[in-house]
Structures are given as structure tokens and as C-alpha cells.
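# Reading the structure
Residue-level listing of the chains:
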Amino acid sequence: MIEREIIHTTPASKRIFDVLKDVLQFFELYVRILLELFVTLVQIVLPKKQKDVSGEIVLITGTGHGIGRELALHYASLGSTVVCVDIDGKNNLQTVEKAKRLNLGEVYSYSCDVSKRDEVMALADRIKSDVGCISVLVNNVGIMPTHPILQQSAEEIQRVFDVNVFSQFWTIQAFLPHMQEKGRGHIICMSSIAGLVGISNLVPYCATKFAVRGLMEALHAELREGPFRDLIRTTTIFPYMTNTGLCKHPKVKFPSILGLLDPKQVARRIVEAHRTDLMEVTIPSSLLHINNWTRLLPDHCGLMLKDFIDSGVESDLI
């Protein structure tokens, strides 16, 4: 009789023990989250120290103008070796010449259509031979056709996905092995505020920028579960409309608060996000918190706020 009772009570006791164990682990996790939240709040007041990037080999796509050019100049000013990649060889060389005048880090120029996988893979081999293994990849290149979905041609939609999304897959596949060989690295990809909020006249563009966010979140998860956890980091950037020429007809209700951003300021903030190992950054930073908070509200409340802000782009076909 005693043996039979033990057989029946042991599984129940084990279940209770497992539940208590899970509860304790959850409580420990909750305490750790509170501590991390406290550290984050402290860092808002006392900013985190920025890591040195003078020894990094930084590859940036889309360096012929705009944010890409400013990123190249900023990294060069910090002593990084900068690899400038753009399909426009002439403008790319102008960027390189400007960066070389700083006389701080080596600067290289390569012409490549990053939407074509074969070209990117060949470029990776060439750069490894000429410069060395890349340790920082900045996927900055992007295009933005701005007109209603029914006026977007099949070729335009295909091209915006090729440049804004698939190019990032190809560069990651090409240069992540460089970082694995080095045992460290950082991948920075440009999404957009249009990757957090849908905007009219930008349906394909928004879709590509939402895709970039998903790509980076999944890549971060994959890296965390492998041997390069905390060694190869990721950062996703969500800038507001920037004065690079892509926004041909911007619509801004509050220009003093949400006017077009200066590419230099955006580039500076991207480099700061890299140097402080931030995972997701909006520019300005408040927009990420506003978006997260708004998503907790009923749909119609979020739309009311969006209507009040009333920012976006007009069709470039007008």
C-alpha cells in the first residue's frame, strides 16, 4: 500500500515543483527587467560611454550623397577605415576625396549595384583582398518612389524591393562571414519612420522598410542563439524625413518640431547608436516611444493622433 501511494504522489509533487521553479525563474527575470529599466533611465541622464571605432573597417552603401556621404565623413573623422560603396562612381569618388582630406583614416571607393547578389559577393572577395575583413556594415542605400499604389508600375515596385530589401540580404550574406572570421562585428540597417507607420503615397516603400525591421529583428535573434552572441551586434535605424532629395514634396504641419532632418545630424545619431550598441533607434528618439505608446491605444485613437500630426509626402506625379 505504501509503495502504491508513493507511485501516485510523486508525479503530482514533481508538477508542483516544476511550477514553483518556473514561478521563481519568472520572478528573477522580472527583477532583472526592472534593474535594466533603471539602468536605461540612468543612461538617459548620464549617457553611456561611446566605444572606440578607430580600428574598425566600416563598409557603407549609398555613399554617393546624403546620409551615406555624411556617414563616411563621420566615420573617417573618428579614424575608421571607411569603404564607400555606391552605384554612382563619380559621386562616390567625391565622397572619398572629402573623407581623405580629413587625413585620419584610410578611405576606399567601390562601384557596385548592391541589388545584384553576384556583384555583392564578388565585391566582398575583392574588399577582403584589398582592405581586409569588414567589421562594421552600414546598409544605407535606398530609393523612394512617392505616388499612389495604382500609379506604381510593376518595375518600380520590383526595383524598390531589390534596392531597399534584397540588397540588405545580399550584403549581410556577403559580409557576415567577415565578422565571424574576426570574431566580432556590427550590422547597421536603415529602416525608416515609414517602417513603423504606414504613409500614403509610400505603400511599396513602407512595405520595404517594415521588411527591414523584420529582417533585423530576426537576424538579432539568430545571432543571439549562436556562438557570436554579444560579439556581432545589430542596430536598426528609423529616421524621420531627411533632407536628402528623396522627399520631393514633403508635407509637414509642424516644421519647428517635425521639420526635415539635416543629413549630418542623422549621420551623427547613427554613429552614436552604433557606438553605444543600441538595438533600435528612431531619429528623433522620441518617435519610437510615441509609436510604442500609440500602438497600445484603440486603433481610432492612434488614427486621431496621426491625423493631428498630419505629416508625410505628396505624390511626385503632381
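Described in the following lines is the structure provided in the data block.

Cut-off values and rules
- Within every chain, residues take consecutive numbers counted from 1 along the sequence as written.
- A pLDDT threshold of at least 70 governs which residues receive local features in this predicted model, and a stricter bar of 80 or more applies before side-chain atom pairs are shown or counted, although totals over entire chains, interfaces and linings include all residues.
- The side-chain quantities take in all heavy atoms of the structure and omit both hydrogens and water.
- Labels follow the DSSP assignment, with helices taken as runs of H or I lasting at least four residues and strands as runs of E lasting at least two, numbered in each case from the N terminus.
- Think of it in three bands: with a 1.4 Å probe and only protein chains considered, a residue is buried below 20% of the maximum accessible area for its type, exposed above 50%, and partly exposed in between.
- Each Phe, Tyr or Trp ring, with Trp reduced to its six-membered ring, pairs with another whose centre is within 6.5 Å; inter-plane angles below 30 degrees give stacked pairs, above 60 give edge-to-face pairs, and intermediate values give tilted ones.
- By this definition, two strands are paired if DSSP reports at least two bridges between them.
- Angles run from 0 to 180 degrees between N-to-C directions of axes, and those axes are lines fitted to C-alpha atoms, restricted for helices to the stretch in contact.

## Regarding unusual backbone geometry
For the peptide bond that leads from Ile-283 to Pro-284, omega is 0 degrees, which places it in the cis range. Relative to the helices and strands, Pro-284 resides in the loop between strand E8 (280-283) and helix H9 (286-295). Of note in the backbone geometry, Asp-230 takes a positive phi value of approximately 65 degrees without being a glycine. In this structure, Asp-277 takes a positive phi of about 55 degrees despite not being glycine. Mapped onto the elements, Asp-277 comes out in the loop between helix H8 (263-275) and E8. Among the residues examined, Asp-277 registers a relative accessible area of 24% and is labelled partly exposed.

## As for the side chain of Thr-81
Counting through the fold element by element, Thr-81 comes out in strand E2 (residues 81-86). Among the residues examined, Thr-81 registers a relative accessible area of 16% and is labelled buried.

## Re the packing of aromatic side chains
Summed over the entire model, instances satisfying the criterion amount to 2 aromatic pairs. With a centroid separation of 6.4 Å and 40 degrees between ring planes, the pair formed by Phe-166 and Phe-169 is classed as tilted. Residue Phe-166 and its partner Phe-169 are both found in helix H5 (residues 154-182); the two are separated by 3 residues, about one turn of the helix. Ring centres 6.1 Å apart and planes at 20 degrees place the aromatic pair Phe-166 and Trp-170 in the stacked group. With Phe-166 and Trp-170 both in helix H5 and 4 residues apart, this pair spans about one turn of that helix. On the basis of relative accessible area, Phe-166 is assigned to the partly exposed category, the value being 32%.

## Some words on the sheet that holds strand E3 (residues 107-111)
Spatial strand order, E3-E2-E1-E4-E5-E6-E8: 7 strands in an open sheet with parallel pairing. Of all strands in the sheet, those with a lone pairing partner are E3 and E8, marking the two edges. Between one strand and the next, the sheet's axes are offset by a mean angle of 15 degrees, whatever the strand orientation. Bridge count for strand E1 (residues 57-61) against strand E4 (residues 136-139) is 3 bridges, and the pairing is parallel. Considered in E4, the bridge of Val-58 is made with Val-136.

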